[in-house]
Amino acid sequence: MYMRNVIYKMLTGCYIVATLLLVGACSDNVDIQQSYPFSIETMPVPKKLKVGETAEIRCQLHRDGRYEETEYFIRYFQPDGAGTLQMSDGTVLLPNDLYPLPSETFRLYYTSASTDQQTVDVYFQDSFGTLIQLTFSFNNDSSKENK
């Protein structure tokens, strides 16, 4: 009888410790990663453009992780020269305006409107504020016009 009482108390003690461990291990503070690094890859882009000529910029978004609610945006600035940048769906981008990226694979079209050197800074941003900058430089290809 004494041995049965000791075993009963030991088992009860083990159940209580196991219950406390399980309850203590539960937490409402589950940390789900939402922001993942990303990069933008582009195909080679021509370095020389005549006035009115358009360069196609093929882009691919690469994500290091996937959180489905993450959104990606694009904006651009043109510190040197003049031209227009548009998306493949025909949307003409205005400098410093934020536009959603249509998909992970997309094309941009830059049309030269200047005889000077042109620089286009394109910024890609996710909904968590991570920012990537790509810079494209174009020189005027006036050598073809003189021949």
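Not measured: the values here are computed from a predicted model. (Residues numbered from 1 in each chain as written. Predicted model: local features only at pLDDT ≥ 70, side-chain atom pairs only at ≥ 80, totals over all residues. Heavy atoms only, no water.)

**Remarks on the pattern of salt bridges**
Rules: Think of a salt bridge as a Lys or Arg side-chain nitrogen and an Asp or Glu carboxyl oxygen that are within 4 Å of each other. Every helix listed is a DSSP run of H or I at least four residues long, and every strand listed is a run of E at least two residues long, numbered separately from the N terminus. Here's how the labels work: a residue is buried when its accessible area is under 20% of the maximum for its type, exposed when over 50%, partly exposed in between, all with a 1.4 Å probe on protein chains only.
Applying the stated criterion across every chain yields a total of 3 salt bridges. The partner of Glu 56 in a salt bridge is Arg 107, and the shortest N-O contact between them spans 2.9 Å. Here the residue Glu 56 occupies a position in strand 3 (residues 54-63), and Arg 107 occupies one in strand 8 (residues 105-112), the gap between them amounting to 51 residues. Residue Glu 56 is classed as partly exposed on the basis of its relative accessible area, which comes to 26%. Note that Glu 104 and Arg 63 form a salt bridge whose closest N and O atoms lie 2.7 Å from each other. With Glu 104 in the loop between strand 7 (99-100) and strand 8 and Arg 63 in strand 3, the pair connects residues that are 41 residues apart, well separated along the chain. For Arg 63, a relative accessible area of 21% corresponds to the partly exposed category. Ionic contacts of the salt-bridge type, sharing partners, join the residues Glu 56, Arg 58 and Arg 107 into one network.

**Overview of the nonpolar core**
Note the following rule: As used here, the term nonpolar core means buried Ala, Val, Leu, Ile, Met, Phe, Trp, Tyr and Cys residues forming a set that is joined through side-chain atoms within 4.5 Å. Contact criterion: two residues are considered in contact whenever any of their non-hydrogen atoms come within 4.5 Å of each other.
Counting residues in hydrophobic clusters, the biggest one holds 26 residues, and the most contacted among them are Ile 74, Leu 108, Val 122, Phe 124 and Phe 138. At the level of elements, strand 1 (38-42), strand 3, strand 4 (72-80), strand 5 (83-87), strand 8, strand 9 (118-126) and strand 10 (131-140) are the ones that each hand at least two residues to this core. For Phe 124, the residues in contact, after removing those within four places along its chain, are Phe 38, Ile 40, Phe 73, Ile 74, Leu 101, Phe 106, Thr 130, Leu 131, Ile 132 and Leu 134.

**Let's talk about the environment of Thr 91**
Which entries qualify depends on this criterion: Definition of a polar contact: a pair of N or O atoms within 3.5 Å, with one able to donate and the other able to accept a hydrogen when the atoms are protein atoms, and with sequence-neighbouring residues admitted only if both atoms are side-chain atoms.
As for its position among the elements, Thr 91 is in the loop between strand 5 and strand 6 (92-93). Separated by 17 residues in the primary sequence, Thr 91 and Leu 108 have C-alpha atoms spaced 9.7 Å apart. Discounting residues that sit within four places of it in the chain, Thr 91 has contacts with Leu 85, Gln 86 and Tyr 99. Of the polar contacts made by the side chain of Thr 91, one reaches the side chain of Asp 89; its length is 2.8 Å.

**Examining unusual backbone geometry**
With a phi angle near 70 degrees, Asn 96 is a residue other than glycine that sits in the positive phi range. Mapped onto the elements, Asn 96 comes out in the loop between strand 6 and strand 7.

**Observations regarding the environment of Phe 128**
Structurally, Phe 128 can be placed in the loop between strand 9 and strand 10. When its relative accessible area of 36% is taken as the criterion, Phe 128 is described as partly exposed. Distance in space between the C-alpha atoms of Phe 128 and Ser 35 is 6.3 Å, their sequence separation being 93 residues.

**Some thoughts on the sheet that holds strand 8**
Note the cut-off: Note on pairing: two strands pair once DSSP finds at least 2 bridges between them.
Spatial strand order, 1-3-8-5-6: 5 strands in an open sheet with antiparallel pairing. Only two strands of the sheet have a single partner each, and these edge strands are strand 1 and strand 6. Sheet analysis places strand 5 next to strand 8, joined by 5 bridges and oriented antiparallel. Each bridged residue has a counterpart across the sheet, and for Leu 85 the counterpart in strand 8 is Tyr 110.

Limitation: the analysis is restricted to geometry and does not speak to function.
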